[in-house]
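Commentary on secondary and tertiary structure
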Amino acid sequence: MLTEKQLIDRLKSGDTQSLKKIMDLHQDYVYTLVIQMVKLKDVAEELTQDVFIKVYNKINSYEERSKFTTWLYTITYRTCLNYLDKKKIVFNISELTTGTNETDISKNEELLNTKHPDILNDSFDREEKQNILWETIDHLPLHQGIIITLHYLQHFSIREISDLMKLPVNTIKTHLHRGRNTMREILLKKYSEEELI
Amino acid sequence: MSKHLTIDEIQLIISKTPKSLDSNRFLHFENCSQCRTIYNRQILANSILAELKPRTAPEIISQKVIQSVERIAVQGIPKKKTDWVFLLAVVTLFAIGSWLLFSGKIAQYLPQNVTEIVSEQKQVVEENKYLDTVKDMLPSVNIDFKLPDLNQYSFFILMGLIAILFYYFLDRKLNQIYRIRKT
């Protein structure tokens, strides 16, 4: 079993099979972040492909001073931003400072009123739990969803998220906190603590 | 009663790294039901989110990427049709430049005349009485220089080289963009 560093070295020498192995390790995470940003499955598939083709084309510019995942998610984040920019979809930074807007609140209300399958019984399995978590994250304001994904899934520190999104550390902290609280409130209205943990 | 703990302070307690937390703040935390409630809520939210797993990407993504990358590896950089447009544009510019050069319309401004102009200017400068003073002050400065003997043909070759370099520059840049977007 090759280490990530060995895979990167092989990829730098043009070994396409090592890209396959790198994709096996990271493609779900990249796809998750992409879909969190663009919201459309078809587009997310295309952009995920673009990200890994960029990785192949630019691997020689990766100098290993930072973690590979930091470099990879930077490419992912920028690829999505470029897409949103081209589609004239405003990735509104000011939304970060003004917090949840009315549309988001109404979406959350809608989610609270949605009837889920009866998960109070013992059928509350892992897959269902994941679906519920992602559904809840999808209803958060865009930035909060991205920040939560980066922090809890990609294990980015607040400083790393701040560097990636080019936003102040305190803004990231505030929105991470708001996102967490909103999620907890939404989930607790539907499920008990025992079911969630 | 001291101030309630901030979210950052509560997060420090949760992460069990409360290095910068004052002992009085701990005392407050121990005795404040409100802070403990927030702490418990944060613990709950963290526990829920710690379970987060990525969505599953469709298998087709890696297949398509590997196909594209293998194609690049075998064929090299794919040529773009519009390269011909740029080549044509560069060749046309080159032809117009050459025509202007040989038709004499701009010949009066070109190298052989430049040499004459420079030598005239040099003569004027040398006649300037102040320059002698400067030359005396700075004997190490050599103001004599020679322009390379450029004629129409060498200028023509130089322009050709510049045109080729320009074409390769465009070709390289465009192919890079093409390779990223279209493969």
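Structural notes, computed from the coordinates. (Residues numbered from 1 in each chain as written. Chains lettered and ligands numbered in written order. Predicted model: local features only at pLDDT ≥ 70, side-chain atom pairs only at ≥ 80, totals over all residues. Heavy atoms only, no water.)

Per the secondary structure count, chain A includes 11 helices and 0 strands. Starting at the N terminus and walking to the C terminus, you meet the elements of chain A as α-α-α-α-α-α-α-α-α-α-α. Looking at chain A residue by residue over its 197 residues, the buried ones come to 51%. Residue pairs in contact within chain A that sit at least 24 positions apart in sequence constitute 67% of those at least 6 positions apart. Summed over all atoms, the accessible surface of chain A reaches about 10000 Å², with 49% contributed by carbon and sulfur. (Helix = DSSP H or I, 4+ residues; strand = E, 2+ residues; numbered from the N terminus. Buried < 20%, exposed > 50% of the residue type's maximum accessible area, 1.4 Å probe, protein only. Contact = heavy atoms within 4.5 Å. Areas by Shrake-Rupley, 256 points an atom, 1.4 Å probe, with all protein chains shown as cover.)

The subject of this paragraph is the interface of chain A and chain B. With 43 residues of chain A at the contact, the number on the chain B side is 36 residues. Between chain A and chain B, roughly 3800 Å² of surface is buried when both sides are summed, and carbon and sulfur atoms account for 65% of that area. Joining chain A to chain B, the criterion identifies 1 salt bridge. The interface formed by chain A and chain B contains 11 residue pairs in polar contact (both at pLDDT 80 or more). At the level of secondary structure, the elements contributing two or more residues to the side of chain A that touches chain B comprise α2 (16–38), α3 (41–58), α7 (126–138), α8 (142–153), α10 (169–190) and α11 (193–196) of chain A. With 12 residues, the top contributor of residues to the side of chain A that touches chain B is α2 of chain A. (Buried area = accessible area lost by both parts, 1.4 Å probe. Salt bridge = Lys/Arg side-chain N within 4 Å of Asp/Glu carboxyl O. Polar contact = N/O pair within 3.5 Å; in protein donor to acceptor, adjacent residues only side chain to side chain.)

This part is about the nonpolar core. In this structure, Leu19, Val38, Val55, Phe68 and Met165 of chain A are the most contacted members of the largest nonpolar core, which totals 63 residues. Top element by residues in this core is α2 of chain A. It accounts for 10 residues. Mapped onto the domain boundaries, this core takes at least three residues apiece from domain 1 (4–86) and domain 2 (96–195) of chain A. Of all hydrophobic cores here, the second largest spans 9 residues; its members include Leu5, Ile10, Leu21 and Cys32 of chain B. (Core = buried A, V, L, I, M, F, W, Y, C linked by side-chain atoms within 4.5 Å. Domains from an automatic or database assignment.)

These values are about where atoms sit, not about what they do.
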